[in-house]
Amino acid sequence: MAATQFNPETPPELITAQWFNAPEPLSLQKLRGKVVVLVAFQMLCPGSLRHSLPQAGRIARAFSNEEVEVIGLHMVFENHKDMSPSQLEPFLKEEHIEIPIAVDKVNGAGLPETMEAYGMQGTPTLLVFDRQGRLRRHYLGAVDDVRLGAEIMALCIEDAKAPREASIAIEKKLHAALVDPQQHEHAHDGSCCGGHGHDHSHDHAHGHAHDHDHAHEHSHEGGCCGGKHAHDHDHDHSHEGHDHAHAHGEGCGCKH
């Protein structure tokens, strides 16, 4: 799948078919003022079951809902007959998943619409938006709890009307305090669906005038769904003076 280009300062709105565990449909626009953590998953994806859904519950319990909104996106791009909304509803009850869950809108025979809009590569994927609705993190695969908690807290500290300079300062402090995953860690347990380790350092100049510096770490323990290659990307996005750091966690299987 070709990479989707968009401005992380004005990311696409969620495109959903229905919601569970929510009195009314949510949107990024409605959630402005909060830090938003979105977990894209599939109910039969091992990585979603093992990592992202339990972690989403921990985040929701650890942070006040007044400050941090944790939502799930059921993003089905394979085995549709086994992961329909009618099957999702009892699954959420059986797994005691209480966070709001959206169903990504199906786009005919193509990829789900939110997945395509964000260029997401597979499941589990985790997106973190700041109080101004800007996309600040984009992870594929399992993310360390301590790292993610520190990043969420930093965005909580950031004011809802923080100027770019303040956001840049926060990112620089995070970069200085947290150890970036820049080397390969391969731990194959046999459940990885293929995948090859790659160490990439890219400078991408996109049409929307964003420079991307990517450092990729690959830790293949299986569980990701989506394809053959696992990518762990750490992105520092600098566009018009504003920094967005995007990191992709461990896993095997990116949807290309």
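Parameters and conventions
- Residues numbered from 1 in each chain as written.
- Predicted model: local features only at pLDDT ≥ 70, side-chain atom pairs only at ≥ 80, totals over all residues.
- Heavy atoms only, no water.
- Phe/Tyr/Trp six-rings, centres within 6.5 Å; stacked < 30°, edge-to-face > 60°.
- Helix = DSSP H or I, 4+ residues; strand = E, 2+ residues; numbered from the N terminus.
- Buried < 20%, exposed > 50% of the residue type's maximum accessible area, 1.4 Å probe, protein only.
- Salt bridge = Lys/Arg side-chain N within 4 Å of Asp/Glu carboxyl O.
- Expected span 1.5 Å × (residues − 1).
- Arc of directions from axis to C-beta.
- Contact = heavy atoms within 4.5 Å.
- Polar contact = N/O pair within 3.5 Å; in protein donor to acceptor, adjacent residues only side chain to side chain.
- Pairing = 2+ DSSP bridges.
- Axes fitted to C-alpha atoms, helices over the stretch in contact; angles between N-to-C directions.

A. Up close: the packing of aromatic side chains. Applying the stated rule across the entire model yields 2 aromatic pairs. Where phenylalanine 6 meets tyrosine 118, the ring centres are 5.2 Å apart and the plane angle is 70°; that geometry is what we call edge-to-face. Within this pair, whereas phenylalanine 6 is found in the segment before β1 (16-20), its partner tyrosine 118 is found in helix α3 (residues 113-118), the two being separated by 112 residues in sequence. Ring centres 6.2 Å apart and planes at 85° place the aromatic pair tyrosine 118 and phenylalanine 129 in the edge-to-face group. Note that tyrosine 118 is positioned in helix α3 and phenylalanine 129 in strand β5 (residues 125-129), a separation of 11 residues in sequence. Since its relative accessible area comes to 2%, tyrosine 118 is described here as buried. The class of phenylalanine 129 is buried, set by a relative accessible area of 1%. What links up through ring pairs into an aromatic cluster is the set Phe6, Tyr118 and Phe129.

B. Layout of the pattern of salt bridges. Evaluation of the coordinates by the stated rule reveals 13 salt bridges. Where glutamate 9 meets arginine 164, a salt bridge forms, and the shortest distance between an N and an O atom there is 3.3 Å. Within this pair, whereas glutamate 9 is found in the segment before β1, its partner arginine 164 is found in helix α5 (residues 164-177), the two being separated by 155 residues in sequence. For glutamate 9, a relative accessible area of 17% translates into the label buried. Note on arginine 164: relative accessible area 29%, which makes it partly exposed. One salt bridge in this structure joins arginine 147 and glutamate 151, with 3.4 Å as the shortest N-O distance. With arginine 147 and glutamate 151 both in helix α4 (residues 145-157) and 4 residues apart, the pair spans about one turn of that helix. Taking relative accessible area as the criterion, arginine 147 reaches 14% and is therefore assigned buried. Salt bridges linked by common partners bring Asp130, Arg134, Arg136, Arg137, Arg147, Glu151, Glu158 and Glu171 together as one network.

C. A look at α5. Compared with an ideal rise of 1.5 Å per residue, which puts 14 residues at 20 Å, α5 spans 20 Å between its outermost C-alpha atoms and is within 8% of the ideal. Within the sequence span of α5, burial applies to Ser167, Ile168, Ile170, Glu171 and Leu174. Taken around the axis of α5, the buried residues stretch over an arc of 160°, which confines them to a single face. Turned more than 90 degrees off the buried face of α5, the exposed positions are Glu165, Lys172, Lys173, Ala176 and Ala177.

D. Region of interest: the environment of aspartate 104. Relative to the assigned elements, aspartate 104 resides in strand β4 (residues 101-104). Aspartate 104 sits in the buried class, given a relative accessible area of 3%. Between the C-alpha atoms of aspartate 104 and methionine 115, which are 11 residues apart in sequence, the distance is 7.6 Å. Apart from the residues lying within four places of it in its own chain, the contact partners of aspartate 104 are Ile15, Ala17, Leu73, His74, Met75, Pro112, Glu113, Thr114 and Met115. Of the polar contacts made by the side chain of aspartate 104, one reaches the backbone nitrogen of threonine 114; its length is 2.9 Å.

E. Summary view of the sheet that holds β4. Taken in spatial order, the 6 strands of this open sheet run β1-β4-β3-β2-β5-β6, and their pairing is mixed. Both outer strands of the open sheet, β1 and β6 (135-140), are each paired with one neighbouring strand and no more. In this sheet, adjacent strand axes meet at a mean angle of 20° when their direction is disregarded. Of the strand pairs in this sheet, strand β2 (residues 35-41) and β5 are connected by 5 bridges, and their pairing is antiparallel. Within β5, the position partnered with valine 39 by the bridge is leucine 126. α4 rests against β2, β3 (68-74), β5 and β6 of the sheet, and its axis sits at about 165° to β6.

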